[in-house]
Amino acid sequence: MEFETIYKTYWDRIFRLCMGFVNDHDVAQDLAQETFIIVWQKLETFRNESGIGTWIFRIASNNCLRQIEKEKRFPKSDLPNHLTEEKQTSIEPQIQFLYKCIAELPETDRIIISLELEEVKQAEIATIIGLSEANVRVKIHRIKEKLTQKFKENGQQ
């Protein structure tokens, strides 16, 4: 598969996966771009041992986890109080709330639910995460329950 086709096929899904990790549009876009730079650089070494999508999602997940670790080591300094951020929001409030809730989940849960939302097969999720398929099914069920509860508590539907 040529890179341009891969990019067009997976860009939106990888961006949403990154958004689930960081809940910040600009950072998610940067992470998605970095993911595709890695894919482009490593495409020749892809061995077809798994599906191309599984491989790309694993790269994206690892990339996001590295970013989270980096932020833990080097916390952002606080902005001065007089500065305000003016973001254009085009995402519906419920979707923004969902990303916020996903960003609050533990790292493994974030990966799992983000991949589930991208309709990645549970067998592929298990391969990406390194868990059994049965364990992934149970985790997805529990994560969905947590997210549903948060929506109920917040008055969302």
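What you see is a predicted model; the values in this text were computed from it and never measured.

What follows is about the overall build of the protein chain. Along the protein chain, the regular secondary structure elements total seven helices and zero strands. Shown N-terminal to C-terminal, the secondary structure of the protein chain runs as helices and strands in the order α-α-α-α-α-α-α. By residue count, 36% of the 157 residues in the protein chain fall in the buried class. In the protein chain, 67% of the contacts between residues at least 6 apart in sequence involve partners at least 24 apart.

With 87% of its residues at a pLDDT of at least 70, the protein chain reaches an overall mean of 84. Per-element confidence in the protein chain is highest for helix α2 (residues 25–42), whose mean pLDDT is 93, and lowest for helix α4 (residues 93–103), whose mean pLDDT is 84.

With that settled, consider the environment of A123. Position of A123 among the secondary structure elements: in helix α6 (residues 122–129). Sequence separation between A123 and T54 is 69 residues; the distance between their C-alpha atoms is 10.0 Å.

Before going further, it helps to spend a moment on the packing of aromatic side chains. Counted under the stated rule, the structure contains nine aromatic pairs. For the ring pair Y7 and F36, a centre distance of 5.1 Å and an interplane angle of 70° mean the geometry is edge-to-face. With Y7 in helix α1 (residues 3–22) and F36 in helix α2, the pair connects residues that are 29 residues apart, well separated along the chain. Classification of Y7 by relative accessible area gives partly exposed; the value is 35%. Ring geometry for W11 and F36: centres 5.8 Å apart, planes at 40°, overall tilted. Here the residue W11 occupies a position in helix α1, and F36 occupies one in helix α2, the gap between them amounting to 25 residues. On the basis of relative accessibility, which here comes to 3%, the residue F36 falls in the buried class.

Cut-offs used in this document
- Residues numbered from 1 in each chain as written.
- Predicted model: local features only at pLDDT ≥ 70, side-chain atom pairs only at ≥ 80, totals over all residues.
- Heavy atoms only, no water.
- Helix = DSSP H or I, 4+ residues; strand = E, 2+ residues; numbered from the N terminus.
- Buried < 20%, exposed > 50% of the residue type's maximum accessible area, 1.4 Å probe, protein only.
- Contact = heavy atoms within 4.5 Å.
- pLDDT = per-residue confidence, 0-100.
- Phe/Tyr/Trp six-rings, centres within 6.5 Å; stacked < 30°, edge-to-face > 60°.

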